[in-house]
Amino acid sequence: MTSTIGDVRLARKKQRIFVELEWRRCATDKEYFIQNYVYIQVQPKWDTRGRAKFELFDYQRDALHTWNDNRFVVIVKARQLGFTTLAMADILWHCLFQPGSNLLLVSKNQDSANKNLGMVKFMYQFLPDWMKERGPNLTKAAEYKLEFDFPDGMKCQVKSFAGTETAGAGETATMVVLDEFALMPDPTNTYRTIMPTTDAGGRLIIISTARGAYNEFAKIYKSAKAGNNQFVPLFQPWSASRLITEKEYELKRREFAANPWEFYSEYPSDDMEAFRESGNPRFVNLPHDAPEFPYRGRIVEDELGIRFEEDPEGHVYLDDIIPDNSLSYYIGADPAQGRGGDYSTATVLTLDDDGLPRIVGFYRANTVEPVEWAADIDRLGRFFDGRYGAALLAVEDQGGQGQLPINELHRNLAYPNAYVYRPTGRKGFAKSDRLFSFPMSADRRRMVIDKLAEYLANANTEAPSLRGLNHHLLEELMQFVRQELPGGGVKYAADYGCHDDLVMSLAIAVWVAQESGDASAPIHNDSGDVVRIHHTKMYEIRERNRIAAEEAEQQAWDSFILGGGYSD
């Protein structure tokens, strides 16, 4: 009897020693803890219980060591490589072994953030009983929050947030995981809010597939790779996955043939392919680079007239500083508030002899007030004095955004060749109404962008249908994407945190140029269908109108003289 009690006591003592030694080892060796005690959910075909031990791959071990040794890590990945799962296991380790930790999980929406929090709950649920008893008590397991209480009164909490500009505001974080960062609705402002939460020494891990080359995620990763910020970059290709073979990869690539950007965002072979080919771009087959326009400066007006003056800080970029007065010019303009956000832009377009448009200049500034911008555009349009006077100027008006500069151009500056929009009898307008603006609705925006896409379809060939692409414009074209709307449908816009102002001003200029002339039937060539614009008819109409106006003026003068001139 004594022997049996002694055996039990010895076994309990050994168990207590085992528990304490094992606990201390887990507390000092995160990889050991994850490999031996963390279970993850798996498909029944992998394990009939629906769970299995989290067996780390080499690249996961490397990633774990990297973000243990560095406060800031940014990861570009292919699908299903387990980085988010690894981060959740790390979160659980903090909950058990780091009293006072405040851990933030931020994802593209609240459902995704809660799903990640649920992963932490699952991992905790299947820890050994002895580990739960030795560790802190799970006192709160809400949908958005986990809270652990330690025997000494310390707490540890995990909170989930949707990726918005207020995510984690006011928090002081031990560790933040930004999951699928590139898919967040407003990654720039989310990042701006999250970064201060780490100022007290917290760590930040950003994990995402790529969604284009110019959004906030791409900027952070590229800057990290160049050594220009505090992040350590990591990348893992599709080939690291245990769930897809080379044969399956090829089959998936064919499935996505119509939308290759979706495929490369999920299954990149290298990081540059991930950024270059993903993002759901509206314009495809663009050249990888384009030159800068050779002249930068301002359009000034003085006793010498209206002229170009070179200035390295100027807002006007030109291909040639001497306009050809035998050509006609068209300007599409997109105004902004001039407060350092969106850019106020204008793109100057002409037509070559073959009827294809060419960009010859543009204006771009984001700190110029609307009235001052109107004066700049007035001089720009008059500077491009072509075959029939100043450039035809179309200023976008979206929700009243352009009314102030439009009124300034029309009423105070009396711009001589403003685009006139005549409504077609829609509600609120009479057919005889005239608007000195280019009104932009959501439907018209799609039509204008689709028209521009026709001209850019063969931009990466030796015979493009739109000439004069420049570096600033090309960057915006590359970051102009299709965005899926929550209620269905698609919106064309710049990627999150990017600009599309030059794209819109160019699209307006192309639309107005075609509207003012006769578009020929598409001409098929090796590059596809090309739409050329013929202005012979337009020139004839303008010439007839000019002659008629001169004759009317002469007749009025003759009548005045024959009538005896001025009377007392």
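The structure presented is a predicted model; accordingly, all values stated were derived computationally and were not measured.

### Points about the overall build of the chain
Move 1: A tally of helices and strands in the chain yields 17 helices and 24 strands.
Move 2: Within the chain, the proportion of its 568 residues that are buried is 49%.
Move 3: Of the contacts made within the chain by residues no fewer than 6 positions apart, 65% connect residues no fewer than 24 positions apart.
Move 4: Carbon together with sulfur atoms contributes 48% to the accessible area of the chain, which is approximately 28200 Å² in total.

### So, the packing of helix α2 (residues 30-37) against helix α4 (residues 83-97)
Move 1: Viewed as axis vectors pointing N to C, α2 and α4 meet at an angle of 110°, and their least axial separation amounts to 10 Å. By the angle between their axes, α2 is roughly perpendicular relative to α4. Contact residues: α2 offers K30, F33 and I34, while α4 offers L86, A89, D90, L92, W93, H94, L96 and F97.
Move 2: Grouping the constituent residues of the contact of α2 with α4 by class yields 8 nonpolar, 1 polar and 2 charged.

### Here's the deal with the sheet that holds strand β8 (residues 175-179)
Move 1: An order of β5-β6-β7-β4-β8-β9-β3-β10 is seen for the 8 strands of this open sheet, with the pairing classed as mixed. Every interior strand has two partners, whereas the edge strands, β5 (137-141) and β10 (232-236), have only one. Direction aside, the axes of adjacent strands within the sheet are offset by 15° on average.
Move 2: Pairing geometry for strand β4 (residues 102-107) and β8, over 4 bridges, is parallel.

### Looking at the packing of aromatic side chains
Move 1: Overall, the coordinates contain 26 aromatic pairs when judged by the stated rule.
Move 2: Between Y32 and Y37 the ring centres are 6.5 Å apart and the planes differ by 70°, which places this aromatic pair in the edge-to-face class.
Move 3: Classification of Y32 as buried rests on a relative accessible area of 16%.
Move 4: When its relative accessible area of 9% is taken as the criterion, Y37 is described as buried.
Move 5: With a centroid separation of 5.4 Å and an interplanar angle of 70°, the aromatic rings of Y124 and F148 are classed as edge-to-face. In this pair, Y124 is assigned in helix α5 (residues 110-125) and F148 in strand β6 (residues 145-149), connecting sequence segments 24 residues apart.
Move 6: Of the residues examined, F148 reaches a relative accessible area of 1% and is grouped as buried.
Move 7: Members of the aromatic cluster, joined through ring pairs, are F72, F181, Y191, F217, Y221, F231 and F275.
Move 8: The lysine or arginine in question, R25, covers the ring of Y32, its NZ or CZ lying 3.7 Å from the ring centre.

### Here we look at the sheet that holds strand β18 (residues 438-439)
Across a sheet, paired strands are connected by hydrogen bonds in the backbone, their directions being either parallel or antiparallel.
Move 1: Across the sheet, 8 strands lie side by side as β12-β11-β13-β16-β15-β14-β17-β18; this open sheet has mixed pairing. Each of the sheet's edge strands pairs with one partner strand only, and the pair in question is β12 (305-310) and β18.
Move 2: Bridge count between strand β15 (residues 344-351) and strand β16 (residues 357-365): 8 bridges; the pairing is antiparallel. Bridged to S344 within β16 is A365.

### Some details on a positive patch on the surface
Move 1: Judged by side-chain charge, R9, R12, K13 and R16 come together as a positively charged surface patch.
Move 2: Mapping R16 onto the fold places it in helix α1 (residues 2-28).

### Topic: the pattern of salt bridges
Move 1: The tally for this structure, following the rule as stated, stands at 29 salt bridges.
Move 2: Salt-bridge contacts for R298 lead to D311; the nearest nitrogen and oxygen are separated by 3.4 Å. Taken together, the positions of R298 in strand β11 (residues 295-302) and D311 in the loop between β12 and β13 (316-318) put the pair 13 residues apart, joining distant regions of the chain.
Move 3: Overall, the relative accessible area of 37% leaves R298 in the partly exposed class.
Move 4: The closest approach of N and O atoms between R307 and D302, which form a salt bridge, is 2.6 Å.
Move 5: Each of the salt bridges in this network shares a partner with another, and the network as a whole consists of R298, D302, R307, E309 and D311.

### A word on the side chain of R282
Move 1: In this fold, R282 is placed in the loop between α11 (271-277) and β11.
Move 2: Polar contacts involving the side chain of R282 include one to the side chain of D450, which spans 2.7 Å.
Move 3: Reaching out from R282, the side chain makes a polar contact with the side chain of Y492 at a distance of 3.4 Å.
Move 4: Those residues in contact with R282 that lie beyond four places of it in its chain are I449, D450, A453, F480, V481, R482 and Y492.

### Regarding the packing of α2 against helix α3 (residues 58-69)
Move 1: Orientation of α2 relative to α3, taken along the N-to-C sense of each, is 140°, at an axis distance of 11 Å. Accordingly, the angle class assigned to the pair α2 and α3 is oblique. The handedness of the crossing between α2 and α3 comes out as right-handed. Side by side, α2 and α3 meet where K30, E31, I34 and Q35 of the first sit next to R61, L64, H65 and N68 of the second.
Move 2: Of the residues assigned to the contact of α2 with α3, the class counts are 2 nonpolar, 3 polar and 3 charged.

### Brief notes about the state of the cysteines
Move 1: With the rule as written, the count across this model stands at 0 disulfides.
Move 2: Lacking any disulfide linkage, C95 is separated from the closest cysteine sulfur, that of C156, by 4.0 Å.
Move 3: Under the relative-accessibility criterion, C95 is labelled buried at 0%.

### Describing the confidence of the model for the chain
Move 1: Scored by pLDDT, the chain comes out at a mean of 87, with 89% of its residues at no less than 70.
Move 2: Of the regions scoring below 50 in pLDDT, residues 428-432 engages in 5 contacts with residues more than four places distant in sequence or in other chains.
Move 3: Confidence drops under a pLDDT of 50 for residues 521-527, and excluding neighbours within four residues, the segment shows 12 contacts in the predicted structure.

Calculation rules
Residues numbered from 1 in each chain as written. Predicted model: local features only at pLDDT ≥ 70, side-chain atom pairs only at ≥ 80, totals over all residues. Heavy atoms only, no water. Helix = DSSP H or I, 4+ residues; strand = E, 2+ residues; numbered from the N terminus. Buried < 20%, exposed > 50% of the residue type's maximum accessible area, 1.4 Å probe, protein only. Contact = heavy atoms within 4.5 Å. Areas by Shrake-Rupley, 256 points an atom, 1.4 Å probe, with all protein chains shown as cover. Axes fitted to C-alpha atoms, helices over the stretch in contact; angles between N-to-C directions. Parallel < 35°, antiparallel > 145°, perpendicular 65-115°, else oblique. Nonpolar A, V, L, I, M, F, W, Y, C, P; charged D, E, K, R; others polar. Pairing = 2+ DSSP bridges. Phe/Tyr/Trp six-rings, centres within 6.5 Å; stacked < 30°, edge-to-face > 60°. Lys NZ or Arg CZ within 6 Å of the ring centre and 35° of its normal. Patch = residues over 30% accessible without salt bridge, like charges linked within 9 Å, V, L, I, M, F, W, Y side chains within 5 Å. Salt bridge = Lys/Arg side-chain N within 4 Å of Asp/Glu carboxyl O. Lys, Arg positive; Asp, Glu negative; His and termini not counted. Charge placed at Lys NZ, Arg CZ, Asp CG, Glu CD. Polar contact = N/O pair within 3.5 Å; in protein donor to acceptor, adjacent residues only side chain to side chain. Left-handed = near helix turned anticlockwise from the far one by under 90°. Disulfide = S-S within 2.5 Å. pLDDT = per-residue confidence, 0-100.

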